[in-house]
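So the chains spell out like this:
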Amino acid sequence: MKMFCLSFKLNGKSVQLSVQPAKLLVDLLREDLRLTGTKIGCREGECGACTVLVDGQPVNSCLIPAVKVHGREVLTIEGLEREDGVLDIIQESFISEGAIQCGFCTGGMILNAKALLDRRQEPDESEIRHALSGVLCRCTGYRKIIQAVKTASRIRKEGRGNKG
Amino acid sequence: MRSVFIPVQWGRDVEIGQYFLPGSLKEALEFLAEQEGKAKVIAGGTDIIPGLRKKDKKGRVETLVDITRIPKLNFIREEQNRIVLGCLVTHAMASNSELLMGKAAILADGARSVGSPQIRNIATVAGNLVSGQPAGDTSIPLVALDAVVTIASSEGYREVPLTEFFVDIGQTAVDPRKEILTQISFRPLGPGCGGSLLRLGKRKAMALPMLVCAITVKVNRNRDRILEATIALGPVGPTPFRARSIEDFLKNAVINSSTIAEAAEGVAALCSPRDSLLRGSCEYRQEMAKVFVRRGISQALEQVRATIS
C-alpha cells in the first residue's frame, strides 16, 4: 500500500501529513487531527452531519478520500471561531434563536448556511431551505434553524456584530 | 462501535491500495492500461466510495485513478450547433449554467434534483451516466436530448449514442477499469422546440426518483402540429427507456387533447416496471407514467406557446 504525502490548508493553517489512500477525510479530521466538531451520522452522504467546506463549497467529508483535498483549503466548524474565541455571526444566531438541541447536525447546518450567505447576501426562505436540504435534523423541526439563518443574514447585511 | 457493523452488509472502512492523481488524460489512460484491470476511475466518488464499503467486496479495487485534477475537462460550451459538457462538470455547475438553463433546461433541472447541495458539488454528470442506473436524473434528460458520449482509452476514442450506452443496471458501454468518458454532447433545444422534466420522489430533496420523465417536442410554424418528439422515462426497466413507437405516433400529429391522451396511454402500456419497495408498485408507476407523459407533453407544448385544442 502506497502512502500519500498530503498537503493542504486547514482552517487557515498549512498541514502536511502522510496518509493511507483509504483514509476518508472525516476520519482524518476526527481521529488524526482531533477535530471532532465534524460528526458522522451515516457514512453514506445522506445526513450532512459531516459537512465541511472545501474551497468554500460544502461537501460530505464521509465520501471524500482525504487525498482529494491535496492542495485545497478546508474549513471545519472549528475554523469559524476566531483566535480570541469570538464566535461567527452565524454561530451566534443559532444560539440566540435556539436553533440547537442535541447539536449533532449543527456543524453541518452552519457550514452550509455559511456557504449560502457567502455567495448570497439576502436569501429568501426557499433558498435557505434549498441550501440546507442536505443536512438532516431529528430534533428541532428545522424552523428555528431557518430563522437563525435569516437572522444571521440580516446581521451580516447590517454590518453589525463581529466580522467573523 | 466496530462490532456493530460486522453482521451487516456494509463495512466501516474502505480498502484502497493506491490513490493516483494523474495530471493529464494521456497519463490517466496509460496508467489504467498498465494496471490491466486492477485500477478504477474515480471523479466525484459519491457512487464509488459507498460502493467500496459493501462487504461482498464487489466494489473493491487495488488502485483508484482520480481524474479531477486533469485540466480543461469541466467546460460547458456550445460549438457547431451542439452543446458539449466535459466529464468533470458537476451537477452544481450544470444546474447553474446559463447556457444549459437557456437551451437545455431539462438537463439543468435534472442536475438540480440529484442528492443534496454537498453531493452536487462533487458528483459529476458523466459519473451519473457511468453509474448505469435506469433513472439517473441527468441520464433521462440526456437520453431525451439524443446525447452522444465520447469514450477514451489508451487505444483511442469512440463515440456512443446514449441510446446504445446503457446495457443493464449498473452496466454501461464504459469499462471504468480502462476507459474514461470524456465528454457528452447533444443538440440544444432551439426555436420551435420545448422540453419538460417531471420527477416523482418521496421527498423534495435527498430522494432517489420513483419516476422521471423527460420530453422534448418540436412544432411546426403554425404551432398546430408536433413535427417530432422524444419521450424518455425511468425507472421502468433495467435501462432508461425511450418510447420510440409513441414518438413515431406523434410525428406530424395534430396537437389536441385526444392525441396527447392516446400518447400517454401508449407509453403506460409499454412500461413494465417491477414492483419495488423502494420505487413503488408496478401499477402505480404505470399510472404515473401515463400522468407524466400527458402533463409533460402539455408543458413542453406550453413552452413553445402551442395551444392544445
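Just so it is clear, the model here is predicted, and its values are computed rather than measured.

Attention now goes to the overall build of chain B. If you tally the helices and strands in chain B, you get twelve helices and 15 strands. Projecting the C-alpha coordinates of chain B onto the three principal axes gives extents of approximately 65 × 45 × 30 Å. Restricting the contact set of chain B to residue pairs at least 6 apart, pairs at least 24 apart contribute 66%.

A count of helices and strands for chain A gives five helices and five strands. Its helices and strands taken in sequence order, chain A reads β-β-α-β-β-β-α-α-α-α from the N to the C terminus. Relative to its length of 164 residues, chain A is compact, with a C-alpha radius of gyration of 16 Å against a globular reference of 15 Å. With respect to the principal axes defined by its C-alpha atoms, chain A has extents near 50 × 30 × 25 Å. Here chain A, with 164 residues, has 46% of them falling under the buried criterion. Contacts spanning at least 24 positions in sequence make up 61% of the contacts within chain A whose residues lie at least 6 apart.

All names here are of chain B. Bridge count between strand S1 (residues 16-20) and strand S3 (residues 61-66): four bridges; the pairing is parallel. Each residue of the ladder has a partner; that of Gln18, found in S3, is Thr63. Taken together, the four bridges between strand S2 (residues 39-42) and S3 define a ladder with parallel strand orientation. Pairing of Ala39 across the sheet is with Thr63, part of S3.

Opposite the 20 residues of chain B that make contact, chain A presents 23 residues. Those elements giving two or more residues to the side of chain B that touches chain A turn out to be S1, helix H3 (48-52) and helix H7 (117-122) of chain B. The leading source of residues in the side of chain B that touches chain A is H7(B), at five residues. Its residues assigned to classes, the side of chain B that touches chain A shows ten nonpolar, seven polar and three charged.

Okay, the domain arrangement of chain A next. Residues and elements named next belong to chain A. Annotation of chain A at the domain level lists domain 1 (4-41 + 48-79) and domain 2 (89-158). In this complex, domain 1 contributes 14 residues to the contact, which on the side of domain 2 involves twelve residues. Mapped by element, the contributors of at least two residues to the side of domain 1 that touches domain 2 are strand S3 (51-54) and strand S4 (57-60). Residue classes in the side of domain 1 that touches domain 2 are distributed as six nonpolar, seven polar and one charged.

With that settled, the discussion passes to the sheet that holds strand S6 (residues 148-153) of chain B. Residues and elements named next belong to chain B. The antiparallel open sheet is built from five strands, whose spatial order is S4-S5-S10-S6-S7. Sheet topology places strand S4 (76-79) and strand S7 (156-161) at the edges, where each strand pairs with a single neighbour. With direction set aside, neighbouring strand axes in the sheet form an average angle of 25°. As defined by bridge partners, S6 adjoins S7 across six bridges and the pair is classed as antiparallel. Across the sheet, the residue bridging to Val149 is Val160, located in S7.

Moving on, we come to the nonpolar core. Membership of the largest hydrophobic core comes to 147 residues, with the highest contact counts inside it found for A:Ala113, B:Cys213, B:Leu233, B:Val267 and B:Ala289. Those residues in contact with B:Leu233 that lie beyond four places of it in its chain are B:Ile140, B:Val212, B:Cys213, B:Phe241, B:Ala243, B:Val267, B:Cys271 and B:Ala289.

Quick look at unusual backbone geometry now. In this structure, the amide linkage connecting B:Gly234 to the following residue, B:Pro235, adopts the cis form with an omega of -15°. Position of B:Pro235 relative to the elements: it lies in the loop between strand S13 (225-234) and strand S14 (241-242). The phi angle at A:Asp55 is positive, at roughly 50°, despite the residue not being glycine. If you trace the backbone, A:Asp55 turns up in the loop between S3 and S4.

Our next topic: the domain arrangement of chain B. Residue and element names in this part refer to chain B. Once the domains are mapped, chain B shows domain 1 (13-69), domain 2 (76-186) and domain 3 (193-303). A C-alpha centroid distance of 20 Å is found between domain 2 and domain 3. Every contact between the two is made by 21 residues of domain 2 and, on the other side, 21 residues of domain 3. Elements with a minimum of two residues in the side of domain 2 that touches domain 3: helix H6 (105-112), helix H9 (139-144) and strand S8 (166-168). Considering each element in turn, the side of domain 2 that touches domain 3 owes the most residues, five residues, to H9. Partitioning the side of domain 2 that touches domain 3 into residue classes produces eleven nonpolar, six polar and four charged.

Considering the arrangement of structural elements, one finds A:Met109 in helix H3 (residues 106-119). Look past the residues within four positions of A:Met109 in its chain and what remains in contact with it is A:Leu132, A:Val135 and A:Ile145.

Turning next to the packing of helix H2 (residues 89-96) of chain A against H3(A). Residues and elements named next belong to chain A. Two elements in contact, H2 and H3, have axes separated by 10 Å at closest approach and are oriented at 130°. Considered as vectors, H2 and H3 are oriented oblique to each other. The handedness of the crossing between H2 and H3 comes out as right-handed. Within the contact between the two elements, H2 uses Ile90, Gln91 and Phe94 and H3 uses Thr106, Ile110, Ala113 and Lys114. Its residues assigned to classes, the contact of H2 with H3 comprises four nonpolar, two polar and one charged.

How each quantity is defined
Residues numbered from 1 in each chain as written. Chains lettered and ligands numbered in written order. Predicted model: local features only at pLDDT ≥ 70, side-chain atom pairs only at ≥ 80, totals over all residues. Helix = DSSP H or I, 4+ residues; strand = E, 2+ residues; numbered from the N terminus. Contact = placed C-beta atoms within 7 Å. Rg over C-alpha atoms; globule rule 2.2 N^0.38 Å. Buried ≥ 20, exposed ≤ 12 C-beta atoms within 10 Å, placed from the backbone. Pairing = 2+ DSSP bridges. Nonpolar A, V, L, I, M, F, W, Y, C, P; charged D, E, K, R; others polar. Domains from an automatic or database assignment. Axes fitted to C-alpha atoms, helices over the stretch in contact; angles between N-to-C directions. Core = buried A, V, L, I, M, F, W, Y, C linked by C-beta atoms within 7 Å. Parallel < 35°, antiparallel > 145°, perpendicular 65-115°, else oblique. Left-handed = near helix turned anticlockwise from the far one by under 90°.

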